[in-house]
Every structure is written in C-alpha cells, then in structure tokens.
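# Secondary and tertiary structure notes
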Amino acid sequence: MPDSKFKNKTLKIRKISKTCVLTTIFFLWCFSGHAQKNAPVPYGPVPSENQMKWQELQYYAFVHLSLNTYTDQSWGFGNEDVKLFNPTALDCRQWARICKNAGMKGIIITAKHHCGFCLWPSKYTDYSVKNAPWKNGKGDVVREMAEACKEYGLKLGIYLSPWDRNRADYGKPEYITYFRNQLTELLTNYGPIFEIWFDGANGGSGYYGGANETRMIDRKTYYDWANTYKLVRKLQPNIVIWNDGGERADLRWVGTEGGSVGETNWSLLNATGDVPYDMLHYGVENGDAWVPAEVNTSIRPEWFYHRSEDKKVKAVPQLMDTYYNSIGHNGNLLLNFPIMPNGLIHPTDEKSVLDFGKAVKAAFSVNLAKNKPATASNVRAGSKEFGAGNATDDNKNTYWATDDSVKAASLTIDFGTPTKFNRFLAQEHIQSGQRVKAFTVEALVNGRWREMAKGTTIGYKRIVSFLTVKATKVRLHITDAKACLVIANVGAYYAPPILAAPAVTRNQAGEITVTPADKESVIYYTTNGNTPVPGSKKYKGPFLVDGKPEIRAIVYDPATHKRSPETHEKFDISRKSWKIVGTDDEKAGAILDGDPSTAWHQGKDKKMPVDLVIDLGKEESLSGFRYLPDQGQWGPGIIAGYEFYISDNATDWKLVSHGEFPNIKNNPLWQTIKFAREKARYIKLRAVKNTENSNEVGYAELDIVTL
Ligand code: FUL
C-alpha cells in the first residue's frame, strides 16, 4: 500500500528504473540512443505493480452467499442456525462459467459475512460449513470456488468481514488473533488471491456468543491494520487490499453501492487523514497516495438473494450505465451476484450479465481510430518515439507525449472517410502518473469542428458518450493538465442503440411521462392493458390518465425494426388531492411529484422523531405504504427507523407499523411496508432514526398501497 511518502518514493524509483530498462531495449532495437533521457518523468504518485495489474482486470464479480441466503436478511445477527446452510445444487463452476462468458476476470467470494458464518471449514470456529447439513459437513465452498476459478482461468478474491456478530470475543483483543488466524487460513490454503476485501461495516448490535448486545469498536485502531496488512502481503505478495475505513489500503470504495464513481475521478487520496464521501467519490487531485477506485454494486438491489427481487434484476441499460460510470470513469467494476439458496446464480441474473457482456462487445470491439493517421499539436522533442501514432497503435506501452512545458494540446485522428461514431475513449499512461484535468472531444463535420463532449479527468480509462455523429476526423483536445501529457491510447466507437424498456412515471397531477434510455429511439404505448406494438399510440409527450392506470410501453428502432422489452407500470390511486400537512414549503411537493430524482428535506431545525403528515383528501382503504429516500448523494437524510400511523382526524393516531428499513443506507431504494388493511384519511410517517444519527430527513417519494 502506498501509505507513506517513503513507499511512494520507492515505488517511483522502482518504476523509473523499469521504464529505463524497457526504453533502452526499445531504443537500441529501433532508433538511435537518447530516448530514455527524454521520457516524461512520472508525476506524483503512480500505481504499484500489483495496482497496475489490478487496474487492467477492469471487471470482475462478487458472489454473496451465507446464512442470510436462507433467512432473507441483509445482515445476519450472528445467532442464525448453521443447519440452515444447505445449497443442495451448489455449483461454483456455474458461477465461474457465467463470469467468464460475461467477460469478467475474477470472482471475490464472501468467505465470511458480518454474521460470522464461514464458507470454509475454519479450524478456529464451529460456526461454519463443517456443522452444516451441506455435504454432511464435509463441504468447503471456498475450495470449490478456487478450483472453479482455476478451471475457467479466473482470479480468486476473498471477502472477509472484520465485523463478526457471532464471536463472543468480538471487540476484545483476542478477536484480532482469531481474525488473523482466519486470514492465514484463507490466504494460505486456496492458491493465489488477487484481492482481499475488508468490509467497512463494523460494530453494532449482535449475538456475540450469547451476549446479545451492542459493541462498538474504533475501526481505525481496533484491527491494528498495519500489522494485519503486513500479514496479508507476506502471505500473498501479489494481492491488493480493499478497505473502507481503518487504514488506507490499495483500493478505495467510491462512497456508494449504486454503481458509479465521479466523472472527475483522481486515482489519488491522501495517505493519512479522514476520507469523506467526496474524496471517495472523486479522489483527491493532489493526493499523495495512489488509491484507485473500485465500483462495487449488485446486479439486484440487495447483496444477498431475496426472492422478492427476482423481478428487479438490473437489465442491460442499467448495467451499461454502470459500465460508463465505472470503467468509463477510471474505475474498476465489481458486480455482485446474490447466490440462490440452492447454490446457483439465478437464470435472470445470468441472462442479464451475458446480454450486458454482448452489449459491451457490440459497442467496443471495433476501434474506428485504430491505426488511423494521427497528428498532434505538440510532440515531445519532436520525436517519433512520442508521436501521435502511439495513441492509435493498439499498444498500451507506447504513448503520445508532449514537451514538459506543454499541458494543453490536441491529438487529431483522420478516419479518411465520413465515419459514424458516438463514443470516445482515452487512456493515460498511468505508470507516468495521472495528469489530465480537462478535455474536449470534437468531430470534423462538413469541414467544421463540432464539440461532441467534454470531460475532466482521464486516468486509466475514460469514455464519453454523445449522439451519433458522422465525421471525417475526431480530435481530443486536452485543455488542462497537471504536467505534460502522456496518452497511451484513444479510441472512437459506434455503440448501437440499446433498446431498453423505457421509464414510466406519473406526477401528482396524474400526468404520465415515458422516458427511453436512448434518446435516438421511438416509443409506443397502451393504457388499456393491451401489449404495445409498433402502430400503438406513439408517445409525443406527457399525458393525463385517471384512476389506477396500467401503462405498457416499448421503445422501437425504425432502422432495425427491433423493439425493447416492455415496461408495465400499474399505478395506485392518484395523489392529486393529497396535501402535505404542517408545512408551507413549496418544495415539499417533491414527495408527491412521481420523480425519483427530486427530494424534500426537513428536520435540520428539529429533533428526532420527525413527522411527515399527509391528508389524503378522503378516506382510503390502506394496506401499506412506500418510501423512497432522497436518491441524491449529499446528506440524503435516509430514514432508518420508522413508525407509521393512520388517523381519521389528524389528532388521534393509531400506530400500524414500525421497525427499521434494513441496509437502506447502502441501498436507498423503494421500501414497501405492508400492514393489515385499515381505513384512514390521514397518514403519518414518523422518522425515529436516520442512517447518520442526525435529525435531517429526506424523502424522494411517499406513496400508499391500496391494491
Ligand atoms: C456492505 C455490506 O454491509 C453488505 O452486506 C455487502 O456485503 C456489501 C458488499 O458491503 O458494506
């Protein structure tokens, strides 16, 4: 881990020496003899060899399997019965086959989640597969995973939760010995491990050997990370360490499990000090340590399998968005599969990820800029060795570089004939440091340059998207950088339209809006329950429907006659006559506007509990309520603990439901709570706790269930 200046210097020196050797060989082979002294000196922190190899993996899988799989929980308490674990059809080869076919390079398995249950027969606890009915206690999921990875040429990674809600000694020094013993087992007995994942969720309530209490630890000091890291690196010298919280590791979390890292994304952090959300999400421009971003997200809303999510598997458009927002934003993508209780990946998840792989291939297998003539406004020392052609030669070890004094320059690629494209990709030679701060992409159309996109950082890989353009040339114009430019690769691509099921929303007035994923397509819809086909009503803009409407819509590409899967939305009663009681803040309307991207907040000036009262306008027959937290990233005020009341007169309230929204902090999606049917005119959602233990409460939407 580049956790000290000393280490950084060592890495730089090592890197410089490596570059020197390679350049000398290259130079002796083809040119004269002074290239080496002209190569740009690495600027700022650079990746270690392990980080570099990791960065090149780009895309790999997470698998979540534990006792939670059998209890329908997000987090086990630690007292769940080991006898529940029985994945009768478990087939790690199925997981590996799917991952391989999807284009992934490795799999990280949850060897132990927060509940403490071990997927391998650890000799340090009874809370493991060895006491489960699966394979009569003779099974070892980690072993089967390791063998399957080997067979399919995938790398193996391990998730080991530092927090253990089962252990009686959690919170005491003895637990650290236990934790390290387990680490030693995992890092010794299963071959090469490419990544170790130390989850940041730490301390809280738990079983703790029967104590059933809350135990807090100091996540910076309790695990003595420095020595734990030493052990990890001794056992697996080629590993990279992921750690959210505690001591800085090789890789960083991006502050969200939603599947994106900032458009500006520096692979740098400071080696010491706190790392608030914006540093995680955007990196630190002048950070003194190389700590690149790994975007972890699940193919379903939750990490563990829940049957209720079988219809919520992310489809190609969402996964493509994730792709552009992770790999396209200088991050690596870690995509999770929740394993079913029978031990397999669900067929819907399989189809989705394979379709996603095909869509990535369709978009990025033909680089229209490859080997095309390229020129640059400045070339380092005027030397061919650093010429523009190095960025289009399909060799990531050669690069276009500018003179030391030149931090803004352009690179032009000549397609030769008018060429259709809608994506542009650029890569810095990050072994020389991350430098670019701002750039634009321009296309030459009918003799005039048109700006197609602009961006900030580039890093290992940056992809920008724009509407399809037909142009004879494309130009990458870097307008600002920390030091001279070192660009290893550029690419221009034509990504065919993705025919995704469109989004259908309804505002408070009852107006329906249909939004396609791809602006370049046509929408057909029905409101009478019939299947939409080309020839049904063509969507021209928002329209009004009364009652509890059923909207079915598709997206259509007239060029190929292909159509998207259908969106089928059944809305509950209209919220037209609803009123938010007790506030005259106009912005409160965001709660009822049907738009998940707008939100209202209250509570800053109050103390928990914070109430939201709504007058439904007339008595309704209720069987539940739905809450969508603020989908924004800044202080969303997510309700964690709630009480839900109903009333006829807004004075006498009856409590009909209360509890916690599990894992809502990391997965702030729609929460649907059902209760025994009741009649009422007023509803009250009382926030008793938010995820940050502050008083702020945010709401994107609130709805009721009458169906
Ligand atoms: C989170 C955990 O709490 C989730 O359960 C999941 O394992 C995810 C990958 O990390 O912090």
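A brief look at the structure comes next.

Centre distance and the angle of the planes are the two values used to describe a pair of aromatic rings. Overall, the coordinates contain 44 aromatic pairs when judged by the stated rule. Consider the rings of Phe-179 and Tyr-223, whose centres lie 5.9 Å apart with planes at 55 degrees: the pair is tilted. Here the residue Phe-179 occupies a position in helix 7 (residues 173-188), and Tyr-223 occupies one in the loop between strand 6 (213-215) and helix 8 (225-235), the gap between them amounting to 44 residues. Neither Phe-179 nor Tyr-223 differs from the other in exposure class; each is buried. One aromatic cluster is present, formed by Tyr-170, Tyr-175, Tyr-178, Phe-179, Phe-198, Tyr-208, Tyr-222, Tyr-223, Trp-225 and Tyr-229 through successive ring pairs. Its guanidinium or amino end placed over the ring of Tyr-178, Arg-167 lies 3.5 Å from that ring's centre, counting from NZ or CZ. If you follow Lys-482 out to its NZ or CZ, it ends over the ring of Trp-266, 4.4 Å from the centre.

To continue, consider the environment of Asp-572. Take Asp-572: it is sitting in the loop between strand 26 (567-570) and strand 27 (579-581). Owing to a relative accessible area of 8%, Asp-572 belongs among the buried residues under this scheme. When the C-alpha positions of Asp-572 and His-601 are compared, they lie 24 Å apart, and in sequence the two are 29 residues distant. Asp-572 has contacts with Arg-506, Gly-547, Lys-548, Ile-704, Val-705, Thr-706 and Leu-707, leaving out every residue within four places of it along the chain. Of the polar contacts made by the side chain of Asp-572, one reaches the side chain of Thr-706; its length is 2.5 Å.

As a matter of local geometry, the ligand sits amid 12 residues, with His-64, Trp-75, His-113, His-114 and Asp-199 nearest to it. Here an oxygen atom of the ligand sits 2.9 Å away from a polar atom, N or O, in the side chain of His-113. Within the contact set of the ligand, an oxygen atom lies 3.4 Å away from a side-chain nitrogen or oxygen of Glu-257. For the ligand, the protein covers 95% of the area, taking 290 Å² as the surface of the free molecule. Residue classes in the shell around the ligand are distributed as 5 nonpolar, 5 polar and 2 charged.

The next point concerns the sheet that holds strand 3 (residues 155-160). Here 7 strands make up an open sheet; going across it, the order is 7-4-3-2-1-11-10 and the pairing parallel. For this open sheet the edge positions go to strand 7 (240-243) and strand 10 (293-298), each flanked by a neighbour on one side alone. Across the sheet, the mean angle separating the axes of adjacent strands is 25 degrees when strand polarity is ignored. Sitting on the sheet, helix 7 touches strand 2 (106-112), strand 3 and strand 4 (193-198), and the angle it makes with strand 4 is about 155 degrees. Helix 10 (residues 316-326) contacts strand 10 and strand 11 (331-338) of the sheet and is inclined by roughly 145 degrees relative to strand 11.

Criteria and thresholds
Residues numbered from 1 in each chain as written. Predicted model: local features only at pLDDT ≥ 70, side-chain atom pairs only at ≥ 80, totals over all residues. Heavy atoms only, no water. Phe/Tyr/Trp six-rings, centres within 6.5 Å; stacked < 30°, edge-to-face > 60°. Helix = DSSP H or I, 4+ residues; strand = E, 2+ residues; numbered from the N terminus. Buried < 20%, exposed > 50% of the residue type's maximum accessible area, 1.4 Å probe, protein only. Lys NZ or Arg CZ within 6 Å of the ring centre and 35° of its normal. Contact = heavy atoms within 4.5 Å. Polar contact = N/O pair within 3.5 Å; in protein donor to acceptor, adjacent residues only side chain to side chain. Near = heavy atom within 4 Å. Areas by Shrake-Rupley, 256 points an atom, 1.4 Å probe, with all protein chains shown as cover. Nonpolar A, V, L, I, M, F, W, Y, C, P; charged D, E, K, R; others polar. Pairing = 2+ DSSP bridges. Axes fitted to C-alpha atoms, helices over the stretch in contact; angles between N-to-C directions.

By themselves, these observations are geometric and do not establish any function.
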